[in-house]
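Report on the structure
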Amino acid sequence: QACFLPPKEGSQAGEEKKPSIPPAKKARVGLKTLRLRHILLKVQDAAGKQPAGPAASASAGAKAKPARPRAEAEGMLRDVLKELCKDLSEAAKAPKTPTDLIIFQGKKFAELCKKMSDCPTAQKGGAMCGDLGWMSLEELGVMGGNLREKVEPLKQGQWSDIVLSDKGMHLIQRVA
């Protein structure tokens, strides 16, 4: 009988025991990454300017209005959050883990994201719809606004409040 798992030890977070064999990879120190997905609505007053040029129009896809007033965008994102919460409360079987919650909300999120989001990732299919991927806290800080402060405390499966960045207003869910 062969067991490839390390032996169970009752070590606590403060104690560190040196393994007899060095690990294959060294852990990154000080770099916290988060997997995120979002719905982005471009607003007229994000960072004090309107999106300009053909790139802004192209990223909105077939939408005739790439930028909207801030109050309208906030109302739309609040409606999205209410709809996701309503689906959750009407579920026959409530998700038990954060991963179950993400999977449960995935289909509705993809539908809402494709319909409303101004982000180019919104047109991707399946689980990649609205996906920001793995982002470090430093990358979130570069995106501007209060993105880092709103996203950092989230636990897996949780939704942020509405977040303003240089690109517009976001509703963000931490996936991992």
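Conventions and cut-offs
- Residues numbered from 1 in each chain as written.
- Predicted model: local features only at pLDDT ≥ 70, side-chain atom pairs only at ≥ 80, totals over all residues.
- Heavy atoms only, no water.
- Pairing = 2+ DSSP bridges.
- Helix = DSSP H or I, 4+ residues; strand = E, 2+ residues; numbered from the N terminus.
- Contact = heavy atoms within 4.5 Å.
- Axes fitted to C-alpha atoms, helices over the stretch in contact; angles between N-to-C directions.
- Bend = angle between axes of the 7 residues up to and from the residue.
- Buried < 20%, exposed > 50% of the residue type's maximum accessible area, 1.4 Å probe, protein only.
- Polar contact = N/O pair within 3.5 Å; in protein donor to acceptor, adjacent residues only side chain to side chain.

**Let's talk about the sheet that holds strand β2 (residues 131–136)**
- Strand order in the open sheet formed by 4 strands is β2-β1-β4-β3, with antiparallel pairing between adjacent strands. Two strands lie at the open edges of the sheet, namely β2 and β3 (163–164), each paired on one side alone.
- Relative to β2, strand β1 (residues 33–41) runs antiparallel, the two being bridged by 5 bridges. Within β2, the position partnered with Thr-33 by the bridge is Ser-136.
- The strands that helix α2 (residues 70–89) touches are β1, β3 and β4 (169–174); relative to β4, the one it contacts most, it runs at about 25°.
- Helix α3 (residues 98–116) rests against β1 and β4 of the sheet, and its axis sits at about 40° to β1.

**Here's the deal with α3**
- When the local axis directions of α3 are compared, the greatest deviation, roughly 45°, occurs at Gly-106.
- For α3, the full list of buried residues reads Leu-101, Ile-102, Gln-105, Gly-106, Lys-108, Phe-109, Ala-110, Leu-112, Cys-113 and Met-116.
- Tucked inside the fold, the buried residues of α3 contact β1, α2 and β4.

**Quick notes on the environment of Arg-78**
- Mapped onto the elements, Arg-78 comes out in helix α2.
- Taking relative accessible area as the criterion, Arg-78 reaches 32% and is therefore assigned partly exposed.
- Once the C-alpha coordinates of Arg-78 and Asp-161 are considered, the two residues, 83 residues apart in sequence, prove to be 8.8 Å apart.
- If sequence neighbours within four positions are ignored, Arg-78 has contacts with Asp-161 and Ile-162.
- There is a polar contact of 3.0 Å between the side chain of Arg-78 and the side chain of Asp-161.

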